[in-house]
Amino acid sequence: QVQLVESGGGLVQPGGSLRLSCAASGSIFRVNNMEWYRQTPGKQRELVAGITSGGSTNYADSVKGRFSISRDNAKNTVYLQMNSLKPEDTAVYYCKATVVVTTNFHPYQYWGQGTQVTVSS
């Protein structure tokens, strides 16, 4: 019913920047909260940043001051601007969205497929 497609991952040197995008499409009535998570092998997926439909944001302590989350409600897209990247930011990044679907007007959570971010010299 709803698909989330991420893009923007890749290899970057320490101190560099990347911008991730995640676009939602399908049977969408409204997109509520949108979030970015990340996961490394052997560890649980952790919340990186979140944004409400009204634009309120929250961040993990480890990324505050370096990462910025934003969204374009007209495009049902969320972005994650990542600056001053560190090797410990290396992970697969996933977006998650809470979507009210047109079929029954109930909210459901959807995940993207993940995009690899590697910070290395």
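In short, a report on the structure. (Residues numbered from 1 in each chain as written. Predicted model: local features only at pLDDT ≥ 70, side-chain atom pairs only at ≥ 80, totals over all residues. Heavy atoms only, no water.)

## Let's talk about the state of the cysteines
Per the counting criterion, the structure on display carries one disulfide. Disulfide partner of Cys22: Cys95, at an S-S distance of 1.9 Å. Handedness of the Cys22-Cys95 disulfide follows from its S-S torsion of about 45 degrees: it is right-handed. One end of the pair, Cys22, is in strand E3 (residues 18-26); the other, Cys95, is in strand E9 (residues 91-101), and 73 residues separate them in sequence. Here Cys22 and Cys95 have matching classes, each one buried. (Disulfide = S-S within 2.5 Å. Helix = DSSP H or I, 4+ residues; strand = E, 2+ residues; numbered from the N terminus. Buried < 20%, exposed > 50% of the residue type's maximum accessible area, 1.4 Å probe, protein only.)

## Side note on the packing of aromatic side chains
All chains considered together, the criterion is met by three aromatic pairs. Relative to Trp111, the ring of Tyr94 has its centre 6.5 Å away and its plane inclined at 80 degrees; by these criteria the two rings are edge-to-face. With Tyr94 in strand E9 and Trp111 in strand E10 (residues 107-111), the pair connects residues that are 17 residues apart, well separated along the chain. Since its relative accessible area comes to 14%, Tyr94 is described here as buried. Put simply, the rings of Tyr37, Tyr94 and Trp111 touch in pairs and so form one group of aromatic residues. Above the face of the Tyr79 ring, Arg19 is positioned so that its terminal group lies 4.1 Å from the ring centre. It is Arg45 that lies over the ring of Trp111; its NZ or CZ is 4.7 Å from the centre. (Phe/Tyr/Trp six-rings, centres within 6.5 Å; stacked < 30°, edge-to-face > 60°. Lys NZ or Arg CZ within 6 Å of the ring centre and 35° of its normal.)

## Description of the pairing of E9
Counting buried residues in E9 gives ten out of eleven residues, a clear majority hidden from the surface. Here three bridges tie E9 to strand E11 (residues 115-119), and the two strands are oriented antiparallel to one another. Residue pairing in the sheet places Tyr93 in a bridge with Thr115 of E11. Inspection of the sheet shows E9 paired to E10 by five bridges, in the antiparallel sense. Note on E10: the bridge partner recorded for Val100 is Pro107. Count of turn residues in the E9/E10 antiparallel hairpin: five residues, of which Phe105 carries a positive phi of about 60 degrees. (Pairing = 2+ DSSP bridges.)

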